[in-house]
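Results of the structural survey
Listed below, chain by chain, are the residues.
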Amino acid sequence: MTARFDRWLPWIYSLPMIAFVGLTFAYPTLSLLTYSLEHVGRSAYLPTTFVGMANFGYIATDSLFHRAIANNLRLFLCVPVLLVLSVVLAQLLHDRPRGWRLYRSLLFIPYILSIPVVGVVFGYLFQYQGQLNSGLRALGLEALAADWLGSPAFAMPTIMAVIVWKELGFGIILCLARLSSVGEQYFEAARVDGASWFQVLRYVTVPQLIPTLAFYAIVELINMLSWVFSYVYVMTLGGPQNSTVVTEFYIYQQVFQNSQIGVGAAAGVVLLAIVGLLLALRQWLSQRLAVYENE
């Protein structure tokens, strides 16, 4: 009897947390699925009408939703840039040049800044009459001045550059943490054999960082889907000409501006499904890489 009780004891202690997680995540998720199948009035507390898959049919034919998904896919291009820069800069810092602690701090500080603060600062910086263009004009480079946030051709690449600047510190710290656990003898042996800096990077550093880079890539892919609303809202409000609308902003527009709660919920379900697939991919990669490390 005592052995059986001991087996259930951890679950008994975990009940408050299980209940909290259920209320925090399970109930909102269930409500999201329910609203996606209904026509909801201007308030979620008003009577609803079951419409089946009509909301999903609407977003399937909505060109604005297609553009939002396309913009999220464009943001995926930030991930390989982040991976490459993280590996190169982590290797440079791992070599401990003079002042490397200061450089490490400067590279990590953007990651801990609030996204709205970053958006506001860069919003002023990239205005047509902002500091960047003023500096270019002062240097006689008027031809390089552009409407970075007001032009459909430049708005999304500008946001992508800001995201890379902010997220880079996380990747660098992850790579440095991994490299600190790698025996220094591997790097010394490569240098003794005459390997150049790039050869050490390719044949020693990168193989050691594969599990870390896989984790970082999946995390950033999820961020590019479900963590970019604040950048778009603060810097461009989805413009110009809807060129920076992402899925999160589309949901915000449908629910809070157009009072289409069911349509917004349907878009949320699609976003949740994609993130769920990425989480499943992350779990699968973790298992495969665990086998790779043990071989």
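Residues numbered from 1 in each chain as written. Predicted model: local features only at pLDDT ≥ 70, side-chain atom pairs only at ≥ 80, totals over all residues. Heavy atoms only, no water.

Within an unreviewed UniProt entry, the label attached to the protein chain reads Sugar ABC transporter permease, and the organism entered is Hypericibacter adhaerens. Under the UniProt heading Sequence similarities (unreviewed entry), the note attached to the protein chain is "Belongs to the binding-protein-dependent transport system permease family." What UniProt records for the protein chain under Subcellular location (unreviewed entry) is the sentence "Cell membrane". (UniProt positions renumbered as here; feature names shortened; annotations may be inferred.)

1. What about the UniProt feature "domain: ABC transmembrane type-1" (unreviewed entry) in the protein chain?
Those residues carrying the UniProt feature "domain: ABC transmembrane type-1" (unreviewed entry) are residues 64-282 in this numbering. Secondary structure across residues 64-282 comprises 76% helix and 0% strand; the distance between its end C-alpha atoms is 29 Å. (Helix = DSSP H or I, 4+ residues; strand = E, 2+ residues; numbered from the N terminus.)

2. Notes on empty space enclosed by the protein
Vacant regions in the atomic arrangement are exposed by a probe of water-molecule size rolled over the atoms. Counted under the stated rule, the structure contains one cavity of 30 Å³ or more. Its boundaries defined by the atoms lining it, the largest cavity holds a volume of some 30 Å³. In terms of lining residues, the largest cavity is bounded by Ile-163, Glu-167, Asn-223, Met-224, Trp-227, Val-228 and Tyr-231. Among the elements of the structure, helix H8 (155-180) and helix H10 (197-226) are those that each provide at least two residues to the lining of the largest cavity. (1 Å grid on protein atoms, 1.4 Å probe; cavity = no way out; pocket = protein on both sides within 12 Å on 5 of 7 lines; lining within 4 Å. Points joined across faces, edges and corners; volume = space filled by probe spheres on them.)

3. A few points about the packing of helix H9 (residues 184-192) against H10
In the contact formed by H9 and H10, the axes pass within 10 Å of each other and the chain directions differ by 150 degrees. Helix-helix and strand crossings are classified by hand; for H9 and H10 the assignment is right-handed. The segment H9 lies against H10, with Tyr-186, Phe-187, Ala-190 and Arg-191 engaging Val-200, Val-204 and Thr-205. Classifying every residue of the contact of H9 with H10 by side-chain character gives five nonpolar, one polar and one charged. (Axes fitted to C-alpha atoms, helices over the stretch in contact; angles between N-to-C directions. Left-handed = near helix turned anticlockwise from the far one by under 90°. Contact = heavy atoms within 4.5 Å. Nonpolar A, V, L, I, M, F, W, Y, C, P; charged D, E, K, R; others polar.)

4. A few points about unusual backbone geometry
In the segment running from Gly-239 into Pro-240, the intervening peptide bond is cis, with an omega of -5 degrees. One non-glycine residue with positive phi stands out, namely Asn-242, at about 60 degrees. You can see Asn-242 is positioned in the loop between helix H11 (229-235) and helix H12 (247-257). You can call Asn-242 partly exposed: its relative accessible area is 34%. (Buried < 20%, exposed > 50% of the residue type's maximum accessible area, 1.4 Å probe, protein only.)

5. Regarding the UniProt feature "transmembrane region" (unreviewed entry) in the protein chain
On the UniProt side, "transmembrane region" (unreviewed entry) is annotated at positions that read residues 12-37, 44-61, 73-93, 105-126, 154-177, 213-234 and 261-281 here. Spanning residues 73-93, this segment combines 90% helix with 0% strand, and its end C-alpha atoms are found 31 Å apart. Helix and strand shares over residues 213-234 are 91% and 0% respectively, and the end C-alpha atoms of the span are 30 Å apart.

6. Some details on the pattern of salt bridges
Two side chains bearing opposite charge may form a pair once their charged atoms approach each other closely. All told, the structure shown has four salt bridges when counted by the stated rule. With its nearest N and O atoms 3.9 Å apart, the salt bridge here joins Glu-184 to Arg-191. Its relative accessible area of 33% is what places Arg-191 among the partly exposed residues. Notably, a salt bridge pairs Arg-191 with Glu-188, separated by 3.6 Å at the nearest N-O pair. (Salt bridge = Lys/Arg side-chain N within 4 Å of Asp/Glu carboxyl O.)

7. Considering the nonpolar core
Grouped together as the largest cluster of nonpolar side chains are 65 residues, with contacts concentrated most on Leu-75, Met-224 and Tyr-250. Excluding residues that lie within four positions of it along the chain, Leu-75 makes contacts with Met-156, Met-160, Ile-163, Met-224, Val-228 and Val-246. (Core = buried A, V, L, I, M, F, W, Y, C linked by side-chain atoms within 4.5 Å.)

8. Observations concerning the side chain of Glu-248
Checked against the element boundaries, Glu-248 lands in helix H12. At 13 Å, Lys-166 is the nearest oppositely charged side chain to Glu-248, a buried residue that forms no salt bridge. Among the polar contacts made by the side chain of Glu-248, one reaches the main-chain amide nitrogen of Phe-229 at a distance of 2.9 Å. Setting aside chain neighbours within four positions, we find Glu-248 in contact with Leu-225, Ser-226, Trp-227, Val-228, Phe-229 and Leu-271. (Lys, Arg positive; Asp, Glu negative; His and termini not counted. Polar contact = N/O pair within 3.5 Å; in protein donor to acceptor, adjacent residues only side chain to side chain.)

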